[in-house]
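Examination of the molecular architecture
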Amino acid sequence: MGSLAAKRALVIGVANERSIAWGISQALHREGARLGFTFLGETLERRVRPLAESLGADLISPCDVTDDAQIDALFAEVDRVWGGLDVLIHAVAFANRDDLSGRFVDTGRDGFRLALDVSAYSLVAVTRAAEPRMKDGGTVLTLTFAGSERVFPNYNVMGVAKAALEASMRYLAADVGPSGIRVNAISAGPIKTLSAAGIHGFREMLHVAEARAPLRRNVSQGDVGELAVALCGPAGAGVTGQVLYVDAGLSILGV
Ligand code: NAD
């Protein structure tokens, strides 16, 4: 029996087999969790559906996190299929490509609003929906990046969104803690994914991270998945409101 046997885990944020959420899903599945997945639009559905089916997913539903009606429909489906929820994985972020290069000072109001809505507010919206369904307690896990605290070239508005995400995570942890629900964030080092490809100069960041990180390597989707299992299972029972780094030690360095 795995550490997450029969836990009902809804994963928001698989786009393809490179997604961090996919690495997490595989680890949750190995530990015995039952899985549900969402997809954004028909193009990604074609990628997500076969992946989800390969892990025997109980539900595969559309969800654009900027649309409250879609969030409502998703959780209605959770009710119909599972009648409750134990684990919620939030691995969602978006900013306009133009806002991920050049100077942060040039970020327009609409691009700022969009990045914060998709990448930070969405955690609030889905945690609010999850809370009443986690009747025996549960775990909410989100993904963040060190650009929330320090300046990384071209990360720009996404760094601000991640700062808002981390602060939201702490406030949510305080709100839902009395219901036995834990909310945490994993801050991953750079990993080559679809979203990461949108950040100008990302390949360079991967090279620098590998050369300088104390472990002299980059982290993988699997590394993140292993910590996710720990946080969602008994090992994480006393942990909430935290940002935990899976970055081969990169974040401890000064220069
Ligand atoms: P990814 O492209 O595989 O995943 C991003 C997901 O966000 C996709 O599934 C996409 O469909 C979804 N998404 C975007 N807009 C959405 C919307 N409006 N509604 C619903 N879903 C939407 O990339 P990833 O790198 O696996 O990203 C997952 C999370 O990990 C993100 O929060 C990202 O910021 C974070 N993260 C990534 C890295 C990295 O280096 N790749 C490092 C640290 C944190």
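Below: a short report on this structure.

**Considerations on empty space enclosed by the protein**
Scanning the entire structure with this criterion turns up one cavity of 30 Å³ or more. The calculated volume of the largest cavity comes to roughly 30 Å³. Lining the largest cavity are Gly189, Pro190, Ala209, Ala213, Arg217, Asn218, Val219, Asp247, Ala248 and Leu250. Classifying every residue of the lining of the largest cavity by side-chain character gives six nonpolar, two polar and two charged.

**What about the nonpolar core?**
Ranked by internal contacts, the top residues of the largest apolar core, which has 46 residues, are Leu10, Ile12, Phe75, Leu85 and Leu88. Of all elements in the fold, only β1 (8-12), α3 (68-81), α4 (109-130), α5 (156-176), β6 (181-188) and α6 (202-212) reach the threshold of two or more residues within this core. Among the elements that take part in this core, α4 stands out by supplying nine residues, more than any other. Look past the residues within four positions of leucine 85 in its chain and what remains in contact with it is Arg8, Leu10, Phe75, Val78, Ala130, Arg133, Met134 and Gly137.

**Looking at the pairing of strand β4 (residues 87-90)**
Neither face of β4 is exposed, since Val87 and Ile89 on one face and Leu88 and His90 on the opposite face are all buried. As a crossover connection, the stretch from β4 through α4 into strand β5 (residues 138-144) is right-handed.

**Brief notes about the pairing of β1**
Judged by how many residues are buried, β1 sits mostly within the fold: five of five residues are covered. Here β1 pairs with strand β2 (residues 34-39) via four bridges, running parallel. Note that in β2 the partner of alanine 9 across the bridge is leucine 35. In this fold, the crossover linking β1 to β2 by way of helix α1 (residues 20-30) has right-handed handedness. With four bridges joining them, β1 and β4 adopt parallel strand pairing. Among the inter-strand pairings, leucine 10 is bridged to a residue of β4, identified as leucine 88.

**What about the site of the ligand?**
Taken together, 28 residues sit near the ligand, with Ser19, Lys162, Ile191, Thr193 and Ser195 positioned nearest. In the environment of the ligand, an oxygen atom lies 3.5 Å from a nitrogen or oxygen atom belonging to the backbone of valine 14. A molecule is said to occupy a pocket when more than half its atoms come within 2 Å of that pocket's grid points, and by this definition the ligand occupies the largest pocket. Taken together, the residues that form the shell around the ligand break down as 20 nonpolar, six polar and two charged.

**Considerations on the environment of alanine 120**
Here alanine 120 shows up in helix α4. Exposure remark for alanine 120: the relative accessible area of 4% places this residue in the buried category. For the pair formed by alanine 120 and leucine 215, sequence separation is 95 residues and the distance between their alpha carbons is 30 Å.

**Description of the layout of surface pockets**
Approximately 1,100 Å³ is the volume found for the largest pocket. Elements with a contribution of two residues or more to the lining of the largest pocket: α1, β2, β5 and α5. Approximately 520 Å³ is the volume attributed to the second largest pocket. Around the second largest pocket sit 26 residues that line it, and Phe152, Met205, Val208, Arg212 and Leu250 are the ones nearest its centre. Mapped by element, the contributors of at least two residues to the lining of the second largest pocket are β6 and α6. Examining the composition of the lining of the second largest pocket, we find that six residues originate from one element, α6, more than from any other.

**Describing the environment of glutamate 204**
Along the chain, glutamate 204 falls in helix α6. Residue glutamate 204 is classed as exposed on the basis of its relative accessible area, which comes to 51%. Distance from glutamate 204 to glycine 84, taken between C-alpha atoms, is 43 Å for residues 120 residues apart in sequence.

**So, the sheet that holds β2**
Sheet strands associate in pairs through backbone hydrogen bonding, adopting either a parallel or an antiparallel arrangement. Across the sheet, seven strands lie side by side as β3-β2-β1-β4-β5-β6-β7; this open sheet has parallel pairing. Each edge of the open sheet carries a strand with a single partner, namely β3 (59-62) and β7 (243-246). Averaged over all pairs of adjacent strands, the angle between their axes in this sheet comes to 20°, without regard to strand direction. The sheet contact formed by β5 and β6 spans seven bridges and is parallel. By the bridge assignment, leucine 141 is partnered in β6 with asparagine 184. Relative to β4, α4 is tilted by about 170°, and along the sheet it contacts β1, β4 and β5.

About the thresholds
- Residues numbered from 1 in each chain as written.
- Predicted model: local features only at pLDDT ≥ 70, side-chain atom pairs only at ≥ 80, totals over all residues.
- Heavy atoms only, no water.
- 1 Å grid on protein atoms, 1.4 Å probe; cavity = no way out; pocket = protein on both sides within 12 Å on 5 of 7 lines; lining within 4 Å.
- Points joined across faces, edges and corners; volume = space filled by probe spheres on them.
- Nonpolar A, V, L, I, M, F, W, Y, C, P; charged D, E, K, R; others polar.
- Core = buried A, V, L, I, M, F, W, Y, C linked by side-chain atoms within 4.5 Å.
- Buried < 20%, exposed > 50% of the residue type's maximum accessible area, 1.4 Å probe, protein only.
- Helix = DSSP H or I, 4+ residues; strand = E, 2+ residues; numbered from the N terminus.
- Contact = heavy atoms within 4.5 Å.
- Right-handed = clockwise from strand over helix to strand, strands pointing away.
- Pairing = 2+ DSSP bridges.
- Near = heavy atom within 4 Å.
- Polar contact = N/O pair within 3.5 Å; in protein donor to acceptor, adjacent residues only side chain to side chain.
- Sits in = over half its atoms within 2 Å of the grid points.
- Axes fitted to C-alpha atoms, helices over the stretch in contact; angles between N-to-C directions.

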